[in-house]
Amino acid sequence: MTAARSGWALWGDRLLLAVTVLVAILWLLPVIWVVAMSLKPNAVLQQSTWGFIPMPFTLENYANLLQLATVPRWLVNSLIVAVGMTLLVLVVSSLAGYAFARLQFPFKRAIFVLMIAGLMIPEQAVFLPLHQMFASWGIHNTHAALMMPRVAVPIGVFLMMQFFRAVPRELEEAAELDHASRFTIFWRIMLPLSVPALTTLGLFTFIHAWNDFLWPLVSATDADMYTVTVGLASIQGNFAFTEGLGSVMASAVFASLPIVLLFLIFQRFIVAGVAMSAGK
Amino acid sequence: MADVALRGVSKSYGNVDVIHDVSLDVEQGEFVVFVGPSGCGKSTLLRMIAGLEEVTQGDVLIGGARVNDTAARDRGVAMVFQNYALYPHMSVRENMAFGLRNIGTPRTEIDSRIAKAAEILQLDSYLDRKPRAMSGGQRQRVAIGRAIVREPDVFLFDEPLSNLDAALRVQMRTEIARIHHRLGATMIYVTHDQTEAMTMADRIVVLRAGVIEQVGAPLDLYERPANLFVAGFLGSPKMNFLPGRITAAQGPEVQVEVAGGVRLPARVRPGSAAAGDTVTLGLRPEMLQVHPDGPLRGHVDVVEQLGHVQLVYATLPDRTAIVAELRDRRPPAVGTDIPLAPGPGLRHVFDAQGLAITLPEEVPA
Ligand SMILES: Nc1ncnc2c1ncn2[C@@H]1O[C@H](COP(=O)(O)OP(=O)(O)OP(=O)(O)O)[C@@H](O)[C@H]1O
Ligand SMILES: [Mg+2]
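Residues numbered from 1 in each chain as written. Chains lettered and ligands numbered in written order. Predicted model: local features only at pLDDT ≥ 70, side-chain atom pairs only at ≥ 80, totals over all residues. Heavy atoms only, no water.

Digging into the UniProt feature "domain: ABC transporter" (unreviewed entry) in chain B
In this structure's numbering, the residues bearing the UniProt feature "domain: ABC transporter" (unreviewed entry) are residues 4-234 of chain B. Structurally, residues 4-234 of chain B comprises 37% helix and 26% strand, and the distance from its first C-alpha atom to its last is 25 Å. (UniProt positions renumbered as here; feature names shortened; annotations may be inferred. Helix = DSSP H or I, 4+ residues; strand = E, 2+ residues; numbered from the N terminus.)

Shown next as structure tokens:
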């Protein structure tokens, strides 16, 4: 009986594995295709874009890309915005999360409800007022303008609050008896303990910031202030015409490189983060 | 070093009163144990002394100064928590150094204090370990070490041994007693284990439902419990309580009729009882003996062989359960009837309200 059941379970596992691999391959095909095209000479691509193996092989497209003055500039913009936003989100989320988790202050409930309500407002709904506000302050086309609307993230505050709540109260009481001030408790006890949560939140923020398209498209109108996503989109049309399809593909690969690297380095945390947000 | 005093201290959560008007003086260097059943308010009282819980009414004094409005960090107390509350991301050394760093103690001073504490607690070889890589007993020693290095005026312990196994508990018990002798600091120790209370305390404070039932030296409480609750709480196995009635009273001498007609003499404070009064007679299990002329006829239900003693659980004719602690390698068989006699030792008498009216024995000098 058990043997038969475990036999079925085994086949079930194999089936699941096969499906997973199949989906992964389907998912990867376009990516491989893009990489393959980026490594082919433009002359070949003009006849056919088919084929997953870059034969003949060339790095010319990447060389072309790096000669373009604007691309490195966009990369730097993206980097500044993504890193800046990540750091600010971590600071704001951990401070606010701690306050909601452990401090008593007037109107705590009301403020918390307001913050949670922020989760329900789609970002596009506030685009227009946001744009006008920034315009009237004259700060469009700055890095600050690209970061600011994304610094207070309700879900980040919520995540950190939940994490801090799970830390045993005795730990803070022990620290208090150890002469620690409120800030020392936060800085020396709570923050070090929340490194896993901070890492996850930081990674997701960084990826989100790097891939962000709509707001930078609206706010950064000066080509010098484009982020990689906006910049690449802006050149795709005539770039394909002047430099060839291979260069467009090379630029796409180039832009996603940092994210791929992040995934590889922090794989463990990303998996944990997905599990966490799935309400495990 | 400091003394601790509670003056009419009460605590309420909303309209739930948890502590009622508690007054107590803990002398400098004394080891005082708060003991009582779960939920009686031991932790709450301790946390009010520490400053982790606000005092609803009354005053807490440490070293003679009122500290009600002093923050926990400024009270000069250290606390050892039941679940250790070690900082998980810090090594043993960092755990102990944390409190000293916060008040700017010089590095060399911190090192020497940690070295001393590590030696007292035999933690030398663990200083660079993280708490998660240690056993429960080791963690508890670190928690004690963290308190020691601060050289506080007052040590507070909240059931520090309850997560340890029995053998380790006994070992740590003596270790804490040793530390108390060595440091001579004031210590207040919470437990619900009466053995810990009896063995460690200079004085025991017995609490029930937020009220102090009795305060005194362990042996005092054991031999002169003020009421049924204290009498039943201290001592293992529990004191036997036989419901009875006074049949004759003359001066301190009374006759108590128990177990459906057995009359036993006892001594009460003169004038505290008259013939006809309903009372409870208290007999410690260790004073009961099997004797051919024993007036109490017990039907043996269970026998527990502990090696050095045998616990015999029996039922008297009036269905009162009774326990006798015998020193007899061949205890009576289950199902037989045995004659029990109260041997030498104090026969406790409690009045209808449960208060002791026993005449205290003259203690031979
Ligand atoms: N925050 C609170 N709100 C309401 N009641 C509380 C609160 N904290 C404790 N109590 C109540 O106060 C009483 C005393 O609690 P306390 O923790 O002091 O008991 P204890 O003697 O330490 O018990 P234990 O041996 O189980 O630790 C309990 O009845 C408990 O339910
Ligand atoms: Mg408690």
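Right, picking up where we left off after that structure.
A short note on the interface of chain B and chain A
Chain B puts 22 residues into the contact, and the matching count from chain A is 17 residues. Between chain B and chain A, roughly 1900 Å² of surface is buried when both sides are summed, and carbon and sulfur atoms account for 60% of that area. Considering only the side of chain B, the residues that lose the most area to chain A are R73, H89 and F98 of chain B, jointly responsible for 32% of the buried surface there. Seen at the junction of chain B and chain A, the total is 11 residue pairs in polar contact (both at pLDDT 80 or more). Those elements that place two or more of their residues in the side of chain B that touches chain A are α1 (42-50), β6 (77-80) and α2 (92-102) of chain B. Sort the elements by how many residues they give to the side of chain B that touches chain A and α2 of chain B lands first, with four residues. (Contact = heavy atoms within 4.5 Å. Buried area = accessible area lost by both parts, 1.4 Å probe. Polar contact = N/O pair within 3.5 Å; in protein donor to acceptor, adjacent residues only side chain to side chain.)

A look at the packing of aromatic side chains
Two descriptors summarise a pair of aromatic rings, namely the distance from one centre to the other and the angle between the planes of the rings. Residues and elements named next belong to chain A. Within this structure, the stated rule accounts for 20 aromatic pairs over all chains. Taken together, a centroid distance of 5.4 Å and an interplanar angle of 15° make the contact between W33 and W50 stacked. Taken as a pair, W33 in helix α1 (residues 2-38) and W50 in the loop between α2 (42-47) and α3 (60-67) lie far apart in primary sequence, 17 residues in all. Residue class for W33 comes out partly exposed when judged on its relative accessible area of 27%. Residue W50 is classed as exposed on the basis of its relative accessible area, which comes to 61%. Ring geometry for F183 and F186: centres 6.4 Å apart, planes at 45°, overall tilted. Of this pair, F183 and F186 are both found in helix α10 (residues 182-193), three residues apart, which corresponds to roughly one turn of the helix. (Phe/Tyr/Trp six-rings, centres within 6.5 Å; stacked < 30°, edge-to-face > 60°. Buried < 20%, exposed > 50% of the residue type's maximum accessible area, 1.4 Å probe, protein only.)

Some remarks on the layout of surface pockets
Volume-wise, the largest pocket comes out at about 1000 Å³. Every residue lining the largest pocket is counted, 31 residues in all, and those nearest its centre are L119, V153, P154, I155 and G156 of chain A. Those elements that place two or more of their residues in the lining of the largest pocket are α4 (70-102), α6 (127-137), α8 (154-166), α11 (195-211) and α14 (245-277) of chain A. Here the element with the most residues in the lining of the largest pocket is α8 of chain A; it accounts for seven residues. A breakdown of the residues in the lining of the largest pocket according to their chemical character gives 21 nonpolar, eight polar and two charged. Its boundaries defined by the atoms lining it, the second largest pocket holds a volume of some 460 Å³. What lines the second largest pocket is a set of 21 residues, among which E173, E176 and R182 of chain A together with G51 and L52 of chain B lie closest to the centre. Elements with a minimum of two residues in the lining of the second largest pocket: α9 (169-177) and α10 of chain A. Looking at which element gives the most residues to the lining of the second largest pocket, the answer is α9 of chain A, with four residues. Among the residues making up the lining of the second largest pocket, the classes are represented as six nonpolar, four polar and 11 charged. (1 Å grid on protein atoms, 1.4 Å probe; cavity = no way out; pocket = protein on both sides within 12 Å on 5 of 7 lines; lining within 4 Å. Points joined across faces, edges and corners; volume = space filled by probe spheres on them. Nonpolar A, V, L, I, M, F, W, Y, C, P; charged D, E, K, R; others polar.)

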